[in-house]
Every structure is written in C-alpha cells, then in structure tokens.
Amino acid sequence: MNKNYMVFSGTATKYLAEKICQSLHCPLGELLITKFSDGEFAVSYEESIRGRDIFLVQSTFPNSDNLMELLLMIDAAKRASARTINAVIPYFGWARQDRKDKPRVSIGAKMVADLLSAVGVNRVITMDLHADQIQGFFNVPVDHLYASGVILPYLQSLKLDDLVIASPDVGGSKRANTYAKYLGCPLVLCNKTRARANVVASMQIIGDVKDKNVVIVDDMVDTAGTITKAADIMKEAGARTVRACASHCVMSGPASDRVQQSALEEIVFTDSIPYDFQRCSKVKQLSVADMFAETIRRVINNESISDQYIV
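A brief structural summary. (Residues numbered from 1 in each chain as written. Predicted model: local features only at pLDDT ≥ 70, side-chain atom pairs only at ≥ 80, totals over all residues. Heavy atoms only, no water.)

**Topic: the packing of helix 4 (residues 148-158) against helix 5 (residues 173-183)**
Where helix 4 contacts helix 5, the axes come no closer than 12 Å and their chain directions differ by 45°. Considered as vectors, helix 4 and helix 5 are oriented oblique to each other. When you trace helix 4 past helix 5, the crossing you get is right-handed. Contacts between helix 4 and helix 5 involve Ser148, Ile151, Leu152, Leu155 and Gln156 from the first element and Tyr179, Tyr182 and Leu183 from the second. (Axes fitted to C-alpha atoms, helices over the stretch in contact; angles between N-to-C directions. Helix = DSSP H or I, 4+ residues; strand = E, 2+ residues; numbered from the N terminus. Parallel < 35°, antiparallel > 145°, perpendicular 65-115°, else oblique. Left-handed = near helix turned anticlockwise from the far one by under 90°. Contact = heavy atoms within 4.5 Å.)

If you want it as structure tokens, here you go:
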C-alpha cells in the first residue's frame, strides 16, 4: 500500500479517526487547534504534509464549529502544499436542507458543498446522505458509503423469526425496501403527517405487524419523535418486539428519554456521531471505522470501492 498519505482529525471525530488509523496501521497525524477566549480558533499542522495525500476525518454535526474546523483544516492543508485533500465526513450535516420545500428558504446542503469546494477539497468520502442527490451538489468526486455494510450483518446475527422491516415514513421506503429484499422479509410502511418540524401530528401503519419482530429502518434519529411513536403504535398493533436502526445518532433534545421510555427493545446506530451511553441504555453503536479505512485504502491505490457494498 502506498504510504504517501496521512490521516488527520478534527476535535469532534477524533475517536473515529483513531479507529480508522488502527485499521490502516498508520499513526494519526499531529494537528493543533488553538482556541481563543472569544470562541475563535485556528488550525495548524504540526508536521510536514507537502506532497502528501491528506485525509481529514470530521463529521459536521451541530454545532457549527465542527464544520468550521473542517474548512480551516482544508484551507491549511492547501496552503501547506498537500498533493490532494480528501474530506472524510461520516455524517454530512445540513443535509436535510436539500431543496426549496417552501418559498424563501436556503438550501444548506448546496451551500456547504460550495464551501468545501471553495476552500480546496479534492474528494469527499461520506456515508448515508439524507438525500442521494446531494452528491450532485459537488464538482469533485464523492464516494457515498452505506451503513448497511455494518447494520445488515448485525440484524442477521440476531436470527429473528417472523422478521418485518418497517419505514417510519414514506420518504424512507426505498431504504427499508432494500433491507427487506436483502433479508427476504415483508415491508411495512408508516404514513405520518407533521404539525411542524420535529412534531408528528398523526401516524398510521400500512401492513401487518401482529406477532412479528419489527425492525424500523431510518437514516438518522434527531428528536426520536417519529421513530418512538412508530414503535409504540406497532407494539399496540400486536408486534412481538420492535427494534430500530439508523445510520446517524443525532439524538438531540428529548430523544434519549423518549427512546428509554418507548416500546423499543433497542436502537442501533453507527458511530458516525459520538454518543454518551449513560443517557440511554437502549442505544447500541456499530463502528464504521473499518469500512472507511478500506475505502481510504482503495482510494489511495486507485481501486474500485463499489464491490464492498452489501446493498
């Protein structure tokens, strides 16, 4: 393997970058982030990166400092004459703002893509974007990975009888249908209406869940209002057990309490976003470090990454 590469990490995703480096058998690069009393911060590389292929690991979940750190890391790498700058963004924040769904709103996902391109990124490696079309917002290569590579093997290891895959809303039906086809089990949909953002007004189940082991599939869980309501309704409809799995563990506000008090047996995420397990005992995280490490290895060696996808 070509050793002319280096891996660095921002503050928020250092735990994952260390695992990626362990898998790649390389050290994590030395990066210094200096913070000032007014909240401003500066980034500097503590070793030479001239002529190297640089991989910067940083998820851009709230707050905005994580995104700003990544932008400064890219800018500093460009000014330090790195050969290529590759942003490894396990969770791509601002992705829910991917279109104009009402008049006079911003398209945050496009803006972030423009910012990354403007500061000099050469490639983006990310996972389970909220909408696939966000890849088209970039004018640089985007390697879009899927958390199914770690979630599906875990679901198979549970060996659940009478398994049913469910989508918490119609928008996630494509993802849930892919899981159901791979596992060879039925698909159930939830039809929901929202009173406003993060508030579900009503929900109905489309399909049979009686005496079934249900797994609800989604891309992220924010306030957990939708997924816990779906779990409770399915349990009331006669489901034997209800579990959930999602790629990104946003889990903001009352999410942890809602999950803890819900009918969910467990909720499974990847470690694209860190989580304090003391907040909820039902949360389980699967590591995507090996998947990202393998993708980095293939990018370095100019190999295809598509054959590592399960679905």
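**Details of helix 3 (residues 108-119)**
Its 12 residues place the ends of helix 3 17 Å apart at the C-alpha level, agreeing with the 16 Å of an ideal helix rising 1.5 Å per residue. Among all positions of helix 3, only Gly108, Ala109, Val112, Ala113, Leu116 and Val119 are buried. Take helix 3 and look down its axis: the buried residues cluster within an arc of 140°, on one side only. Of the surrounding secondary structure, the elements contacted by the buried residues of helix 3 are helix 2 (65-79) and strand 5 (84-89). Looking one or two residues beyond helix 3, the residue adopting positive phi is glycine 120, at roughly 115°. (Expected span 1.5 Å × (residues − 1). Buried < 20%, exposed > 50% of the residue type's maximum accessible area, 1.4 Å probe, protein only. Arc of directions from axis to C-beta.)

**Observations regarding the packing of aromatic side chains**
Enumeration according to the criterion identifies 5 aromatic pairs in this entry. Between phenylalanine 92 and phenylalanine 138 the ring centres are 5.9 Å apart and the planes differ by 70°, which places this aromatic pair in the edge-to-face class. You can see phenylalanine 92 sitting in the loop between strand 5 and helix 3 and its partner phenylalanine 138 sitting in the loop between strand 6 (123-127) and strand 7 (142-145), a full 46 residues away along the chain. (Phe/Tyr/Trp six-rings, centres within 6.5 Å; stacked < 30°, edge-to-face > 60°.)

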